[in-house]
Amino acid sequence: MNRFLETLQYRVLILDGAMGTMLQARGLEPGGCPELMNLEKPEVVASVHRDYAQAGAQIIVTNTFGGTRSKLEHYGLEDKVYEINVQAAKLARSALNDPANDFVAGSIGPTGRFVEPVGDASFDEMVDIYAEQVKALVAGGVDLLTCETFLDIRELKAAVMACREYSDLPVMAMMTFDDGGRTVLGTPPAAAAVMLEGLNVDIVGTNCGLGIDGMYEILAEMRAVCSCPLIAQANAGLPILKDGETIFPATPLEITSHHDHLIKLGVRVLGGCCGTTPEHIRVMRQAMDEREQSWTAPRRRGMLSSRTQVVEIGPQQPCAIIGERINPTGKKAYSAELREGKTAYIRREAQQQTDAGAALLDVNCGAPGADEPLALERAVHAISGVVGTPLVLDSSDPVALERGLKAADGKVLINSVNGEEKSLTTILPLAKKYGAAVIALTLDGQGIPKTAAGRLAIAERIISRAEAVGIPRCDIVVDCLALTVSAEQDQAIETLQAIRTLTQEQEMATVLGVSNISFGLPRRPLMSATFFAMALQAGLSAAIINPKDQPMMDAFRAAMVLLGKDLRAERYINAYADVQETATATVVDKQAQTMRERLAQAIIDGDKDGVVVLVEQALGEGLDVLQISNEGLLAGLEVVGQRFGENRIFLPQVLLSAETMKTAFGRLKQEMAGATMASEGKIMMATVEGDIHDIGKNIVCTLLENHGYEVIDLGKNVSSARIVEQALETKVDAVGLSALMTTTLQQMQVTIDALKAAGVKVFTMVGGAVVTQAYADEIGADLYAEDALEAVAKIKKLLKK
Ligand code: THG
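Please read all numbers here as calculations on a predicted model, not as lab measurements. (Residues numbered from 1 in each chain as written. Predicted model: local features only at pLDDT ≥ 70, side-chain atom pairs only at ≥ 80, totals over all residues. Heavy atoms only, no water.)

(A) Summary view of the overall build of the chain. In terms of helices and strands, the chain carries 32 helices and 25 strands. Along the first, second and third principal axes, the C-alpha set of the chain runs to 85 × 75 × 50 Å. For the chain, with 801 residues in total, the buried portion stands at 58%. Computed over 75 positive and 102 negative side-chain charges, the separation of the two mean positions in the chain equals 3 Å. (Helix = DSSP H or I, 4+ residues; strand = E, 2+ residues; numbered from the N terminus. Buried < 20%, exposed > 50% of the residue type's maximum accessible area, 1.4 Å probe, protein only. Lys, Arg positive; Asp, Glu negative; His and termini not counted. Charge placed at Lys NZ, Arg CZ, Asp CG, Glu CD.)

The following block contains the structure:
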């Protein structure tokens with residue numbers, strides 16, 4: 001076993017603290033590149049490492065957080081990726097206290113770019129960017145890799161896959177959550193943990209953002225869905241400013257008071273983030289050494305996820321409904337859309353089936369004449385734009401499956417692998433690589449066995465082959481196959497028997513495409529629903545059905561109560577006690593929508609591909625540019641803002657809607673016969689001096705641009721002098737300042753004062769994790785925004801005046 005993973009079995013390792021904070025204190029210039037110091041000031045970087053190592057840190061993290069090509073590009077250092085990362089690994093190694101027993105972790109951080117369709121980076125490009133860094137860190141000799149401070153799970157998926165593909169080293173992966181318990185891009189801890197465990201990450205957890213108090217909750221949510229060891233790297237409390245000095249309020253006692261709870265939860269690596277000094281680490285290590293540190297991992301469970309949701313499939317769980325309607329079988333309109341590259345049917349069915357109670361959505365894009373790989377990718381993007389329901393990718397084409405797996409946000413269920421050699425050798429490695437679960441069809445080259453025993457034998461074979469490539473039993477869902485009872489009457493009983501054995505004796509999860517049973521018979525709903533109830537009694541864990549089929553859902557909800565899987569009949573009562581309209585009734589029929597509503601809907605759905613055609617249709621119907629933009633598109637954007645405020649949608653959807661808006665406006669501009677559409681205003685953005693966090697600022701920049709503003713982005717760690725100079729030169733309407741740490745808050749004041757002193761007449765806007773309205777008022781900023789969308793809304797209102 002790997003030395004690092006073995007060590008974790010019997011002890012909790014202490015990892016170091018904040019590199020950025022320390023480098024700033026030791027001479028990192030404003031606007032300077034922290035990673036360049038590995039080459040230009042190696043002794044400074046090494047001295048920081050040494051201070052942490054001597055304080056007791058057993059894992060030293062390389063100074064490579066921004067060491068990807070896309071981050072180094074900002075400094076013109078994109079051709080130094082290799083040198084910087086190799087050198088960083090060596091510096092960290094040189095500082096280890098006990099080289100035989102301590103470890104160097106190669107740090108990997110976000111690229112600052114977004115993956116398609118929200119951003120312009122393809123998934124493969126993202127993997128390549130990380131692969132380059134991983135290879136260099138490995139060449140430098142790191143012992144493990146640590147992905148930190150991620151906000152976007154798909155970017156994290158790319159990073160982890162690069163780690164897995166280009167190294168054999170242990171991998172840790174962390175996301176940063178805000179006090180609402182989600183990442184800035186809307187992912188809750190459970191959804192992150194499920195995807196990461198699926199990808200076989202060795203240690204999952206969280207860093208930055210919160211102090212250790214806030215992190216406990218996050219870690220507990222992760223523990224509830226995954227069996228991995230956990231890691232926590234909290235900020236040293238939020239630092240406060242006292243008499244011009246920065247103070248970290250967390251006392252040694254506060255820092256260590258959580259140790260016992262954390263050990264119990266399965267935290268096996270404990271470190272620090274912003275503000276964590278060697279002194280903090282010394283206290284943490286000492287307190288840890290005094291404790292009993294043993295921990296046994298809980299059992300791994302069959303979980304699936306999307307960007308925002310988690311679903312468990314297992315023999316003890318309530319049956320998971322898998323919506324079957326995104327399947328071209330017998331559906332001419334959908335087949336035609338697949339050939340034409342449209343997604344309206346898919347988006348509507350995704351929404352309606354989810355509203356009707358589907359926990360998962362089966363996605364099948366295999367229509368004759370359609371480009372299935374492209375169609376599956378497009379379908380996955382389209383569905384993720386409208387609902388957070390995790391996906392089941394239904395295809396026998398490995399190329400199509402791989403495209404879909406790359407496009408999906410979370411942990412997907414592949415439908416399916418079967419007992420044939422060709423299927424086993426192509427599908428299982430795909431599931432393993434992309435961290436997916438699989439449906440195992442109990443058939444092989446000889447067809448479907450007639451008996452339960454025959455199907456169980458195939459299931460057994462698939463399970464052992466899956467385990468051999470590293471897919472655990474809990475990630476396999478066995479399909480015992482329902483045949484039509486009108487053709488082979490004795491078969492229904494065999495299917496039910498196989499489900500019973502798998503559930504009760506082997507603790508395996510099972511699934512069925514239920515409606516197959518009733519082909520060729522009258523009153524199909526009666527036959528299907530009755531069989532469904534019987535299969536549920538046998539223990540069925542998931543069912544591929546039409547959730548808009550009332551008799552099926554009736555049978556399902558009633559059976560869940562009778563089988564004790566719907567506690568206090570809560571779901572049953574919710575569905576039937578209310579006389580109020582059911583969710584399905586609120587789904588708008590497309591034909592009944594007016595053109596303005598359809599334009600608004602396209603923005604809400606983020607239908608970037610379809611919006612231009614729709615705009616042209618609107619023009620054809622005689623709507624003018626103003627009507628289209630104000631009564632259609634902008635109305636949609638307003639709904640988006642409202643839903644974001646209500647936590648119903650999250651930043652990726654907001655960004656996608658904004659992109660769609662930009663695409664629509666691009667088309668409208670052509671209508672205005674040469675008249676250039678005026679820019680809404682010119683905004684300058686910067687993260688203030690001393691602060692190297694730029695993720696929030698970048699999101700604000702993107703949104704402002706998509707709302708028609710001209711944005712001048714000065715980057716991070718920008719001095720007040722430079723901001724004043726640039727503001728004078730470029731004549732902007734407003735300056736937006738961002739700061740994440742309390743240590744850098746005062747720099748906002750300095751900058752605003754400097755702008756005023758220089759007589760620059762601009763509006764000032766401030767925001768960032770620690771900024772409040774009260775602080776904004778105190779330093780004389782014109783406006784404060786809590787999040788990116790509010791920043792845009794407030795700028796809009798201000799500049800209108
Ligand atoms: N096991 C697994 N996957 C599966 C199946 C299975 N995937 C496909 C299928 N069976 C389950 N999905 C469907 C999708 C559509 C229909 C039935 C099962 C269907 N289509 C109607 C028709 O063919 O006439 C169209 C009716 C309609 O409009 O809905 O019934 O067994 N693992």
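(B) Looking closely at the site of the ligand. Surrounding the ligand, one finds 14 residues, the nearest of these being Arg325, Asp394, Asn415, Asp479 and Asn516. Here an oxygen atom of the ligand sits 3.2 Å away from a polar atom, N or O, in the side chain of asparagine 516. Here the ligand, which alone exposes 660 Å², has 73% of that area covered by the protein. For the shell around the ligand, the elements supplying multiple residues, two or more each, are β13 (320-326) and β17 (437-441). Each residue belonging to the shell around the ligand can be placed in one class, and the counts come to three nonpolar, six polar and five charged. (Near = heavy atom within 4 Å. Polar contact = N/O pair within 3.5 Å; in protein donor to acceptor, adjacent residues only side chain to side chain. Areas by Shrake-Rupley, 256 points an atom, 1.4 Å probe, with all protein chains shown as cover. Nonpolar A, V, L, I, M, F, W, Y, C, P; charged D, E, K, R; others polar.)

(C) Region of the structure containing the nonpolar core. Membership of the largest hydrophobic core comes to 158 residues, with the highest contact counts inside it found for Ile108 and Phe532. With residues up to four places along the chain from it excluded, the contact list for isoleucine 108 reads Phe65, Tyr130, Gln133, Val134, Leu137, Leu145, Thr146, Cys147, Glu148, Phe150, Ala159 and Cys163. Judged by nonpolar contacts, the second largest core, of 31 residues, contains Ile604, Val640, Val711 and Met765. (Core = buried A, V, L, I, M, F, W, Y, C linked by side-chain atoms within 4.5 Å. Contact = heavy atoms within 4.5 Å.)

(D) Geometry of the side chain of asparagine 327. On the secondary structure map, asparagine 327 appears in the loop between β13 and α14 (332-340). A polar contact of 2.6 Å, which involves the side chain of asparagine 327, links it to the side chain of threonine 329. When neighbours within four sequence positions are excluded, asparagine 327 is seen to be in contact with Tyr334, Asn364 and Asp394.

(E) Structural context of the pairing of strand β18 (residues 476-479). Every second residue of β18 is oriented toward a common face, with Ile476 and Val478 on one face and Val477 and Asp479 on the other, all of them buried. Inspection of the sheet shows β17 paired to β18 by four bridges, in the parallel sense. Its bridge partner being in β18, isoleucine 439 is matched across the sheet by valine 477. In this structure, β18 lies alongside strand β19 (residues 509-513), joined through three bridges in parallel fashion. Each bridged residue has a counterpart across the sheet, and for aspartate 479 the counterpart in β19 is valine 511. Taken together, β18, helix α20 (residues 491-506) and β19 form a β-α-β motif whose crossover is right-handed. (Pairing = 2+ DSSP bridges. Right-handed = clockwise from strand over helix to strand, strands pointing away.)

(F) Spotlight on a nonpolar patch on the surface. A grouping of Tyr572, Ile573 and Tyr576 is seen on the molecular surface, where their side chains present a nonpolar patch of about 260 Å² in accessible area. Along the polypeptide, tyrosine 572 turns up in helix α23 (residues 570-576). By relative accessible area, which is 33% here, tyrosine 572 ends up partly exposed. (Patch = residues over 30% accessible without salt bridge, like charges linked within 9 Å, V, L, I, M, F, W, Y side chains within 5 Å. Salt bridge = Lys/Arg side-chain N within 4 Å of Asp/Glu carboxyl O.)

(G) Inspection of the environment of proline 170 at higher detail. Topologically, proline 170 is positioned in the loop between α8 (153-166) and β5 (171-175). The class for proline 170 is buried, based on a relative accessible area of 2%. Considering only alpha carbons, one finds proline 170 and glutamate 659, 489 residues apart in sequence, at a separation of 37 Å. For proline 170, the contacting residues outside a window of four places in its chain are Asn2, Phe4, Leu5, Asp143, Leu144, Leu145 and Asp202.

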